[in-house]
Amino acid sequence: HYKAGYEIVYTPHLGKAALWDVSGHLDFYREYMYAPMDIDGQEYFVKPMNCPFHIEIYKSAVRSYRDLPMRLAEMGTVYRYERSGVLHGLLRLRGFTQDDAHIFCRPDQVEEEVIRAVDFGIHYLRLFGFDDYLLCLSTRPEKYVGSIEEWDRATEALQQAIQVSGLEHEVDEGGGVFYGPKIDIHVRDPIGRSWQLTTVQFDFNLSERFDLAFIGQDGHQHRPYMVHRALLGSLERFLGVLIEHYAGAFPLWLAPVQVVLIPIADRHVEHARRVVSELEAAGLRVEVDERSERMQAKIRDAQLQKVPYMLVMGDKEVEAQAVAVRLRSGQDLGTMSVSAFVSRAVDEVRQRAAP
Ligand SMILES: [Zn+2]
């Protein structure tokens, strides 16, 4: 984010009723907000969105055309009331953290900002191993706020970003929300399910409600364009999608436990512990299975946990200061020195190799 020109911010989890009144949340989003709490006679609400706080940061100083674009990003935790019946694992929660950002820019910067945001989203999705995308553009509905000129300019910028990406897309004519057009990026997983992740959404409503302005080159006040942007969306939901995408068998760089050491008998545990410190020193996430189970049972359990590597060690390995390497697929890679295994694993992590 720093390289992409964002400033990282952290904003409060509570906001005064007056803030949610200006933002319109109390009028239009109340059913998703939790009950207010009274603090010294003032009503506060936990935040269902981060936007008003980023707007407050924007408004904390007079902004000139030279200050724009201003890109504020936050790992922002939000709280939304959902009926208990619709909660669903990691995919639908009452509190979650968004990789949220708001971009404030001049009209002449809209095209570049949108192209950059879409590109940034694809960059992240690719990084995590998604390579099948569908971009959806939602355009102006019958009821809308803002001017036709603003909508046209924003929609053109989104269309241009789609063209630049060269990716498959579809257009939902009139399917946008009332406050601005948007692009959603959907990814398809190996069994054909589609997940909406990245969103780039214009907002002509909040910029109006909060009376956002910048001083132009002409010395007059102008309204900046405001864009909401999330790349992975909710991190919890993204993790759920990732687990589904890989069916739990993460590539090495993402696996929560990358290596399980399996000493065959108690007398091999000491060797295993020495190997652990070598692997951990190389930055690998390691566990030792010290239970007095049979080796086959330990291997089976590690396979069920979809741990990428199992290192088995018995008398032969202890004597040679080596490890017998198995993959979760059951493939046996034979015996190798600890340092040979470390360089293989570290390399695989560095390349973020696919499983
Ligand atoms: Zn927002």
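On a predicted model such as this, the values are computed, not experimentally measured, just so you know. (Residues numbered from 1 in each chain as written. Predicted model: local features only at pLDDT ≥ 70, side-chain atom pairs only at ≥ 80, totals over all residues. Heavy atoms only, no water.)

Novice: So what about the pattern of salt bridges? Which residues, and what values?
Specialist: Charged atoms that come close allow side chains of opposite charge to pair. Throughout the structure, instances matching the rule amount to 18 salt bridges. Note that Arg-188 and Asp-132 form a salt bridge whose closest N and O atoms lie 3.0 Å from each other. Within this pair, whereas Arg-188 is found in strand β9 (residues 182-188), its partner Asp-132 is found in the loop between α4 (110-127) and β7 (133-138), the two being separated by 56 residues in sequence. Judged by its relative accessible area of 31%, Asp-132 is partly exposed. Classification of Arg-188 as partly exposed rests on a relative accessible area of 25%. Each of the salt bridges in this network shares a partner with another, and the network as a whole consists of Asp-132, Glu-168 and Arg-188. (Salt bridge = Lys/Arg side-chain N within 4 Å of Asp/Glu carboxyl O. Helix = DSSP H or I, 4+ residues; strand = E, 2+ residues; numbered from the N terminus. Buried < 20%, exposed > 50% of the residue type's maximum accessible area, 1.4 Å probe, protein only.)

Novice: Describe the packing of helix α8 (residues 269-281) against helix α11 (residues 338-350), with residues and values.
Specialist: Here α8 crosses α11 at 35°, and the two axes come no closer than 10 Å. The crossing of α8 and α11 is right-handed. On α11, the residues that touch Val-275, Glu-278 and Leu-279 of α8 are Val-338, Phe-341 and Val-342. Residue classes in the contact of α8 with α11 are distributed as 5 nonpolar, no polar and 1 charged. (Axes fitted to C-alpha atoms, helices over the stretch in contact; angles between N-to-C directions. Left-handed = near helix turned anticlockwise from the far one by under 90°. Contact = heavy atoms within 4.5 Å. Nonpolar A, V, L, I, M, F, W, Y, C, P; charged D, E, K, R; others polar.)

Novice: Pulling in residues and values, what's your account of helix α5 (residues 148-165)?
Specialist: Under the 1.5 Å per step criterion, the end-to-end length of α5 is 26 Å for 18 residues, consistent within 8% with the ideal 26 Å. Looking only at α5, the buried set comprises Trp-151, Ala-154, Thr-155, Ala-157, Leu-158, Ala-161 and Ile-162. Taken down its axis, α5 places every buried residue within 155° of arc, on the same side. Exposed side of α5, more than 90 degrees from the buried face: Glu-149, Glu-156, Gln-163 and Val-164 are the residues found there. Those residues of α5 hidden inside the fold are in contact with α4, β7, β8 (169-172), β9, β10 (194-202) and β13 (225-234). Just beyond α5, the residue with positive phi is Gly-166, at close to 70°. (Expected span 1.5 Å × (residues − 1). Arc of directions from axis to C-beta.)

Novice: Give a description of the nonpolar core that names residues and reports values.
Specialist: Ranked by internal contacts, the top residues of the largest apolar core, which has 44 residues, are Val-118, Leu-125, Phe-130, Ile-183 and Phe-202. Where this core is concerned, the elements lending two or more residues are β6 (95-105), α4, β7, α5, β9, β10, β13 and α7 (235-246). Per element, the largest residue contribution to this core is 7 residues, and it comes from α4. Excluding residues within four positions of it along the chain, Phe-130 makes contact with Leu-125, Val-187, Phe-238, Val-241, Leu-242 and His-245. (Core = buried A, V, L, I, M, F, W, Y, C linked by side-chain atoms within 4.5 Å.)

Novice: How would you sum up the environment of Val-257? Please name residues and give values.
Specialist: Mapped onto the elements of the fold, Val-257 is located in the loop between α7 and β14 (259-263). If near-sequence neighbours (up to four positions away) are discounted, Val-257 is found in contact with Arg-285, Glu-287, Val-307 and Pro-308.

Novice: Could you give an account of the packing of aromatic side chains, with specific residues and numbers?
Specialist: Per the counting criterion, the structure on display carries 17 aromatic pairs. With 5.8 Å between their ring centres and 80° between their planes, Trp-20 and Phe-53 make a pair best called edge-to-face. With Trp-20 in helix α1 (residues 17-23) and Phe-53 in helix α3 (residues 51-58), this pair connects stretches of sequence that are 33 residues apart. The burial state of Trp-20 is the same as that of Phe-53; both residues are buried. Relative to Phe-204, the ring of Trp-151 has its centre 5.7 Å away and its plane inclined at 55°; by these criteria the two rings are tilted. A residue pair is termed long-range when its members are at least 10 positions apart, and Trp-151 in helix α5 and Phe-204 in the loop between β10 and α6 (206-209) qualify at 53 residues. (Phe/Tyr/Trp six-rings, centres within 6.5 Å; stacked < 30°, edge-to-face > 60°.)

Novice: Requested: an account of the coordination of the zinc ion, with residues and values cited.
Specialist: Binding of the zinc ion to the protein goes through Cys-51 (SG), His-102 (NE2) and His-228 (ND1), at separations of 2.0 to 2.3 Å. In the primary structure, the donors to the zinc ion are separated according to the pattern C-x50-H-x125-H. Residue Cys-51 is found in helix α3, and its partner His-228 is found in strand β13; the two are separated by 177 residues along the sequence. You'll find Cys-51 and His-228 in the same group, each marked buried. (Donors = N, O, S within 2.8 Å, 3.2 Å for Na, K, Ca; no water.)

Novice: Give a description of the domain arrangement of the chain that names residues and reports values.
Specialist: Structurally, the chain comprises domain 1 (7-246) and domain 2 (259-350). Domain 1 and domain 2 are separated by 45 Å when their C-alpha centres are compared. (Domains from an automatic or database assignment.)

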